[in-house]
Amino acid sequence: MGRFSRDAIITLLLVGAAAAGAGVAMLAGGGLGANHEPGRLEEVMATEALHFSIPGAAKRAQNPHAPEADVWREAAPLFAGRCAMCHDADGHGQTDLAPRMYPRVPDLGGSRVQGFSDGELFWIIQSGIRLTGMPGFRGLVSDDDTWKLVAFVRRVPSLTPADLQASHDRAVTGTVVVMDGTRFHPDDLTVPRGTIVTFTNKDFFPHNVQSESGRLHSGPIDPDQSWSVRLDQAGTFHYVCTLHPGMTGVLHVR
Amino acid sequence: MKHYALVLGMVGLVAAGDRMSARQAINDAQIAAIVVTANQVDIDAGKLAETKGSSQQIKDFGKQMVTDHTGVNKQATDLVTRLKVTPEDNPTAQSLKKGGVDNIKNLNTLSGAAFDKAYIAHEVDYHQAVLDAVDKTLIPGATNADLKALLVKVRQAFQAHLDHAKMVQAAIGK
């Protein structure tokens, strides 16, 4: 048996013993329920295991959006929709769900989360973390949006309530198109890039939104239902309700 | 020829509506009956077009009429329930119903492209006639503000249907 193999076996035994110790400590400390605080050892081991499990190339991946860019604002509505349920709107995780989850929902502004590289945060959002409440969003959230969420996480330590309110206002104000009387209101709208436009159906029957390019493609929108789309690329989109061909509109994204 | 007879019947409907409004004899309960019947007549024709239409455009248009007019009727029914109004049968509603039955009878004698043309021609005329009745009789006659608002909104849908029907008619050729 060579020295390398002997070292490997010793390392494995030590890791195994540490894991067993942590397991015993967990059981002795209140079993596998989710209502008690995790021990320090358990937290460190879990964090190290997470660092270890993320592939090297993913760890080193760079956020394509420059740190000084304001892209975190664009991610705010997405964060509010997908993440705030557990992490809270400001990312500090003080939701009513948080103390009921195990492991605890981390403070995204805390040193533990901020200690991850951008690449690691991207990987975590996309892949989730096994045996925790963190789902993997691959397929639900695009790569570009994930990088913007990473930018949002980086912003959490300095985020103010005014910042959040401004992002919210920006997402809501002037970006609703109402479908009423078999017409789009307004039927000609100009918005800045990154705006979320919401189409709300106030008629008694379904409508849809379909652009020539296919960028806007809502499927049927039932009465009193809405459909939202985020427009990141500049351009002019002529759209129509294909169910009512005279019902047309245009969106200019600047 | 049958088609012209139907159109004449609808002209009679508008005229009847005019007479009613001149006498101010129409009330909200009667208007409710007219709205529900007008929608139901077009739902019935739409269902026939969905199954009997030969071109996809006609089948799609028929399906759209079923969906939209069913949605409008649900709102109208919800409103009259809320207002505690019982729709009251009247000559205009009866005339609409008879016109609808006659139209279905006529369409059932046709098939293929002839069916498509007759169906869409009737849809154009029907929506125009109903729009006229809405403008000249129903909206001026409605006393309840919610009922009036519903009619104004429904009018826009009927206008959209009329425009759509004309587009389909132009596409399949008269």
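Residue indices begin from 1 for each chain and proceed along its sequence in written order. Chain letters and ligand numbers both follow the written order, the letters beginning at A and the numbers at 1. Local features in this predicted model are restricted to residues of pLDDT 70 or higher, and side-chain atom pairs are both shown and tallied only at a pLDDT of 80 or more, whereas totals for entire chains, interfaces and linings draw on every residue. Hydrogens and water molecules were not included; the side-chain quantities draw on all heavy atoms of the structure.

S.K.: What's the story with the interface of chain B and chain A in this structure? I'm lost.
M.R.: It is common to give the size of an interface as the accessible area lost on bringing the parts into contact. Residue-level contacts link 15 residues of chain B with twelve residues of chain A. Taken together, the two surfaces of chain B and chain A that pack against each other cover about 1,100 Å², and 68% of this comes from carbon and sulfur. Buried area adds together the accessible area that both of two parts lose upon being put together, with accessible area traced by a 1.4 Å probe. Its largest share of buried area at the contact with chain A, chain B owes to Gln64, Lys153 and Gln156 of chain B, together 39% of the area lost on that side. A pairing counts as a salt bridge when a side-chain nitrogen of Lys or Arg comes within 4 Å of a carboxyl oxygen of Asp or Glu. The tally of links from chain B across to chain A stands at one salt bridge. Where Lys153 of chain B meets Asp180 of chain A, a salt bridge forms, and the shortest distance between an N and an O atom there is 2.9 Å. Between N or O atoms, a polar contact is any pair within 3.5 Å; within protein, one atom must be a potential hydrogen donor and the other a potential acceptor, and residues adjacent in sequence are included only when both atoms are from side chains. The interface formed by chain B and chain A includes three residue pairs in polar contact (both at pLDDT 80 or more). Strands here are runs of E lasting at least two residues and helices are runs of H or I lasting at least four, both read from the DSSP assignment and numbered beginning at the N terminus. Here the element with the most residues in the side of chain B that touches chain A is helix α6 (residues 145-172) of chain B; it accounts for nine residues. Considered class by class, the residues forming the side of chain B that touches chain A number six nonpolar, seven polar and two charged. We call two residues in contact whenever any of their non-hydrogen atoms come within 4.5 Å of each other. Each residue gets one of three labels, nonpolar for Ala, Val, Leu, Ile, Met, Phe, Trp, Tyr, Cys and Pro, charged for Asp, Glu, Lys and Arg, and polar for the others, Gly among them.

S.K.: Looking at this model, I keep getting lost on the sheet that holds strand β6 (residues 226-231) of chain A. Mind explaining?
M.R.: Think of a sheet as strands paired side by side through backbone hydrogen bonds, with each pair either parallel or antiparallel. Residues and elements named next belong to chain A. Pairing in this open sheet of four strands is mixed, and the strands run β2-β1-β4-β6 from one edge to the other. Because the sheet does not close on itself, it has two edges, and the strands there are β2 (183-185) and β6. The mean angle between the axes of side-by-side strands here comes to 20°, regardless of whether they run parallel or antiparallel. In terms of strand pairing, strand β4 (residues 195-201) meets β6 through six bridges, oriented antiparallel. Residue pairing in the sheet places Thr200 in a bridge with Ser226 of β6. The pairing criterion is simple: DSSP has to find at least two bridges between the two strands. Each axis is a line fitted through C-alpha atoms, taken for helices only over the stretch in contact, and angles between the N-to-C directions span 0 to 180 degrees.

S.K.: What should I look at first to understand the packing of helix α2 (residues 28-52) of chain B against helix α3 (residues 56-82) of chain B in this one?
M.R.: Packed helices, taken two at a time, are described by the angle their axes make and the gap between the axes. All names here are of chain B. The interhelical angle for the contact between α2 and α3, taken along N-to-C directions, is 155°, at an axis separation of 8 Å. With respect to their mutual orientation, α2 and α3 come out roughly antiparallel. At the point where α2 passes α3, the crossing takes the left-handed sense. In this structure, α2 contributes Ala32, Val35, Val36, Asn39, Gln40, Asp42, Ile43, Gly46, Lys47, Ala49, Glu50 and Thr51 to the contact, and α3 contributes Ile58, Lys59, Gly62, Lys63, Met65, Val66, His69, Thr70, Val72, Asn73, Ala76 and Val80. For the contact of α2 with α3, a count of residues per class yields eleven nonpolar, eight polar and five charged. Roughly parallel here means an angle under 35 degrees, roughly antiparallel means over 145, roughly perpendicular means 65 to 115, and every remaining angle is called oblique. Two helices that cross are described as forming a left-handed crossing if the nearer one is turned anticlockwise from the farther one by less than a right angle, and a right-handed crossing if clockwise.

S.K.: I tried to follow the pattern of salt bridges on my own but got confused; where do I start?
M.R.: If the charged atoms of two oppositely charged side chains come close together, the side chains can form a pair. Applying the stated criterion across every chain, the model contains eleven salt bridges over all chains. Lys202 of chain A is the salt-bridge partner of Asp224 of chain A, the closest N and O atoms lying 3.6 Å from each other. Of the two residues, Asp224 of chain A is situated in the loop between β5 (210-211) and β6 and Lys202 of chain A in the loop between β4 and β5; the sequence distance between them amounts to 22 residues. Think of it in three bands: residues with accessible area under 20% of the maximum for their type are buried, residues over 50% are exposed, and the middle band is partly exposed, with areas taken using a 1.4 Å probe on protein chains only. Classification of Asp224 of chain A by relative accessible area gives exposed; the value is 57%. As a salt-bridge pair, Arg155 of chain B and Asp135 of chain B come within 2.6 Å of each other at their nearest N and O atoms. Of the two residues, Arg155 of chain B sits in helix α6 while Asp135 of chain B sits in helix α5 (residues 112-141), which places them 20 residues apart along the sequence. Arg155 of chain B sits in the partly exposed class, given a relative accessible area of 24%. Through salt bridges with shared partners, a single network forms among Asp144, Asp145, Lys148, Arg230 and Asp232 of chain A.

S.K.: In this structure, what is going on with the packing of aromatic side chains? I would like to understand it.
M.R.: The description of two aromatic rings rests on the distance between their centres and on the angle between their planes. Residues and elements named next belong to chain A. Working definition: rings of Phe, Tyr and Trp (its six-membered ring) pair if their centres are within 6.5 Å, and the pair is stacked with planes under 30 degrees apart, edge-to-face with planes over 60 apart, and tilted otherwise. Summed over the entire model, instances satisfying the criterion amount to nine aromatic pairs over all chains. An angle of 50° between the planes, with centres 6.2 Å apart, marks the rings of Trp72 and Phe152 as tilted. Residue Trp72 is found in helix α4 (residues 71-82), and its partner Phe152 is found in helix α8 (residues 143-155); the two are separated by 80 residues along the sequence. Like Phe152, Trp72 is buried. Ring geometry for Phe184 versus Phe199: centroids 6.2 Å apart, planes at 85°, classification edge-to-face. Of this pair, Phe184 sits in strand β2 while Phe199 is found in strand β4, placing the two residues 15 residues apart along the sequence. Pair check on accessibility: Phe184 and Phe199 agree, each one buried. Three or more aromatic residues joined by ring pairs make a cluster, and in this case those are Phe184, Phe199, Trp227 and Tyr239.

S.K.: So what exactly am I meant to see when it comes to the sheet that holds strand β7 (residues 235-241) of chain A here?
M.R.: Residues and elements named next belong to chain A. In spatial order, the strands read β3-β8-β7-β5; together these four strands make up an open sheet with mixed pairing. The open sheet is flanked by β3 (188-191) and β5, the only strands paired with a single partner. Summarising the sheet, β7 and strand β8 (residues 244-253) pair through seven bridges and their orientation is antiparallel. In the strand pairing of β8, Phe237 is matched with Leu251.

S.K.: I'm lost on α3 of chain B in this one. Help?
M.R.: In an α-helix, one turn spans 3.6 residues; hence positions three or four apart end up facing the same way. To estimate how far a helix should extend, the number of its residues minus one is multiplied by 1.5 Å. In this model, α3 of chain B (27 residues) spans 39 Å end to end at C-alpha, consistent with the 39 Å of a helix rising 1.5 Å per residue. In the segment just after α3 of chain B, Lys84 of chain B is the residue with positive phi, at about 55°.

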